[in-house]
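Structural overview
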Amino acid sequence: MPADLQHETTELLQRLVRFDTVNPPGNERACQEFLAARLEAAGFEVELLGAVEERPNLVARLRGAADGPVLGLLGHVDTVLAKPQEWRHDPWSGEIADGCLWGRGALDMKGQVAAEVAAAISLAREGWRPQRGELLVISVVDEETGGELGAQWLTETHPDRVRCDYLLNEGGGEVFEYRGRRRYGVCTAEKGVFRFTIATDGVAGHASQPKLGDNALLKLAPLLERLATRQPAYELTEAPAAFLRGLGEDPADPAAAVARLEAADPRLVPLFEPMFGVTLTPTKVSASEKVNVIPSEARLTVDCRVPPGLGEAAVRRAIDAVLGPEEGFRIEFDTGIEGNGSPLGSRLREAINGWIESQDPGAGTVPLILPGFTDSRHFRAAFPDCVAYGFFPQLHQSRFETAPLVHSADERIDVRDLGFAATFYRDVARELLR
Ligand SMILES: [Zn+2]
């Protein structure tokens, strides 16, 4: 690792954390101008492009000597909120304690932005230019509320500025161990969302005489019970099948594989099982608006996540398997968004694999589907040939440690991983753009 890269990445992340970019409202402009100045000074052509004045997106470009592939390093600088009273260190301090940098966004995802920008700056400053192609650094706003002013806006209104062949974004990269071997997840795909409502009907009445009405809320009880105790059958798509093969498990029998994961380390199952099929999570319930009125209708909202390649038919199969035939209740679908993904094999994947083998001998990578979604979705939609992966390599802080800290109190990152990741972004740019 270049000696000062970890130090420079750490300093950069401290500065980024100290900009309060909680979204809403975001107000990312000051943070983006700070990054723009650093990138410009190193030799990048920088543009700030925004739908609204206070929330510009940043596109920084380093052109090569000849035509070739465009590699984009993507990040978002907005964060979710933080309640300082729940934290051991102020969430906007960027304080270093116990070997970690603390602050909102340290993991999601100012840490990655700092590593990408520090890598890009160090390359440009020392005179490196792509032999072929271009290096892009893209820092967007507004990811945490869906990307309407950020990645979605940028890819739809300025596709020529951000078109890329390879894209690195958030969603994977933390190490985990399975049966004595370290694996790094490469997020190749993201699930879709098909939210729906389960509605039951009854007859209103005065709550003082319960048997005069027909209480719709009580009819939800057996349905909730089924959601608590049953789950849809696994439907393995390409990435989770490759994930299981990568762990030495048999994708033809996912239930047996899950049992072996559970036996090896129970923490693996909640992290990875959602990749293996449709999930149904009840989140909101509503019934009577008055405490003394028996509800004539009750509604239960279910957040349903669907692997890319599967759609509403898979949701119907899951509902049938968990709730049974649609008798005594109604299903109303919200808008559905299908997930998307990139090919598992590519030059980018080879570069990632090669880098991991060189830095962590004996370790390997496995593809992952993210249960939620990221801005990669917008890039894949806008540029169908773009290979977009989530990869922010972390060796010292494992997936078990980082997962509960994202969007939570005491979010922090091991500073050694800032240097580790920045080294990766430097090396991958040199590898792909030569
Ligand atoms: Zn994020």
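Right above here is the structure, for reference.
Residues numbered from 1 in each chain as written. Predicted model: local features only at pLDDT ≥ 70, side-chain atom pairs only at ≥ 80, totals over all residues. Heavy atoms only, no water.

In this structure, Leu39, Phe44, Leu71, Leu135 and Leu168 are the most contacted members of the largest nonpolar core, which totals 64 residues. Counting 23 residues, the second-largest nonpolar core is a separate cluster that includes Ile198, Ala216, Val306 and Val315. (Core = buried A, V, L, I, M, F, W, Y, C linked by side-chain atoms within 4.5 Å. Buried < 20%, exposed > 50% of the residue type's maximum accessible area, 1.4 Å probe, protein only.)

Taken together, the buried positions of helix 8 (residues 254-264) are occupied by Pro254, Ala257, Val258 and Leu261. Down the axis of helix 8, the smallest arc covering the buried residues is 100 degrees, so these residues share one side. The secondary structure elements touched by the buried residues of helix 8 are strand 8 (175-178), helix 7 (238-246) and helix 9 (268-272). (Helix = DSSP H or I, 4+ residues; strand = E, 2+ residues; numbered from the N terminus. Arc of directions from axis to C-beta. Contact = heavy atoms within 4.5 Å.)

Time to look at the pattern of salt bridges. Counting across every chain of the model gives 35 salt bridges. Taking the shortest distance from any N to any O, the salt bridge between arginine 163 and aspartate 160 comes out at 3.1 Å. Overall, the relative accessible area of 60% leaves aspartate 160 in the exposed class. Between lysine 219 and aspartate 214 there is a salt bridge; the shortest N-O distance is 2.9 Å. (Salt bridge = Lys/Arg side-chain N within 4 Å of Asp/Glu carboxyl O.)

Turning next to the environment of glutamine 131. Among the secondary structure elements, glutamine 131 is positioned in the loop between helix 3 (110-125) and strand 6 (132-140). In this view, glutamine 131 contacts Ala65, Ala66, Leu433 and Arg434; residues no more than four positions away in its chain are not counted.

This part takes up the packing of helix 1 (residues 5-18) against helix 14 (residues 415-432). Direction vectors running N to C along helix 1 and helix 14 enclose 110 degrees, while the axes themselves pass 8 Å from each other. Taken together, the axes of helix 1 and helix 14 are roughly perpendicular relative to one another. Judged by residue contacts, Leu5, Gln6, Thr9, Thr10 and Leu13 of helix 1 engage Val415, Arg416, Leu418, Gly419, Ala422, Thr423 and Arg426 from helix 14. (Axes fitted to C-alpha atoms, helices over the stretch in contact; angles between N-to-C directions. Parallel < 35°, antiparallel > 145°, perpendicular 65-115°, else oblique.)

Along the chain, asparagine 340 falls in strand 16 (residues 340-341). A residue is classified by how much of its surface remains accessible, and asparagine 340, at 18% relative accessible area, is buried. Within polar-contact distance, the side chain of asparagine 340 engages the side chain of arginine 380 at 2.9 Å. When neighbours within four sequence positions are excluded, asparagine 340 is seen to be in contact with Ala189, Glu190, Pro308, Arg377, Arg380 and Ala381. (Polar contact = N/O pair within 3.5 Å; in protein donor to acceptor, adjacent residues only side chain to side chain.)

What follows concerns the pairing of strand 8. One ladder, built from four bridges, connects strand 8 with strand 9 (residues 181-190); its direction is antiparallel. Bridge pairing links phenylalanine 176 to arginine 183 in strand 9. Between strand 8 and strand 9, which pair antiparallel and follow one another directly, the connecting turn spans two residues, one of which, arginine 179, has a positive phi of 50 degrees. (Pairing = 2+ DSSP bridges.)

Okay, the environment of alanine 298 next. Looking at the secondary structure, you find alanine 298 in strand 14 (residues 297-306). Judged by relative accessible area, which is 0%, alanine 298 ranks as buried. With residues near it in sequence (within four places) discarded, alanine 298 still touches Ile198, Ala199, Thr200, Ala216, Leu217, Leu220, Ser286 and Ala287.

What follows concerns the coordination of the zinc ion. At the metal site, the zinc ion is ligated by His76 (NE2), Asp108 (OD), Glu170 (OE) and Glu170 (OE), and these contacts range over 1.8 to 2.6 Å. For the zinc ion, the four donor atoms are set out with angles of 53 to 148 degrees between them, so the coordination reads as irregular. Motif for the zinc ion, donor spacing along one chain: H-x31-D-x61-E. Taken together, the positions of aspartate 108 in the loop between strand 5 (100-102) and helix 3 and glutamate 170 in the loop between strand 7 (166-169) and strand 8 put the pair 62 residues apart, joining distant regions of the chain. Across the pair, glutamate 170 and aspartate 108 agree in class, each one buried. (Donors = N, O, S within 2.8 Å, 3.2 Å for Na, K, Ca; no water. Tetrahedral: all angles 85-135°; square planar, octahedral: opposite > 155°, others 65-115°.)

Turning to the sheet that holds strand 19 (residues 412-414), a few remarks are in order. Here we have three strands laid out as an open sheet, ordered 4-5-19, and antiparallel in their pairing. Of all strands in the sheet, those with a lone pairing partner are strand 4 (96-97) and strand 19, marking the two edges. Where strand 5 meets strand 19, three bridges bridge the pair, whose relative direction is antiparallel. Within strand 19, the residue paired with tryptophan 102 across the bridge is arginine 412. On top of the sheet, helix 1 reaches strand 4, strand 5 and strand 19; it is set at about 15 degrees to strand 5, its chief contact. Sheet contacts for helix 14: strand 4, strand 5 and strand 19; angle to strand 19, the most-contacted strand, approximately 70 degrees.

Remember, this is a structural readout, not a statement about activity or role.
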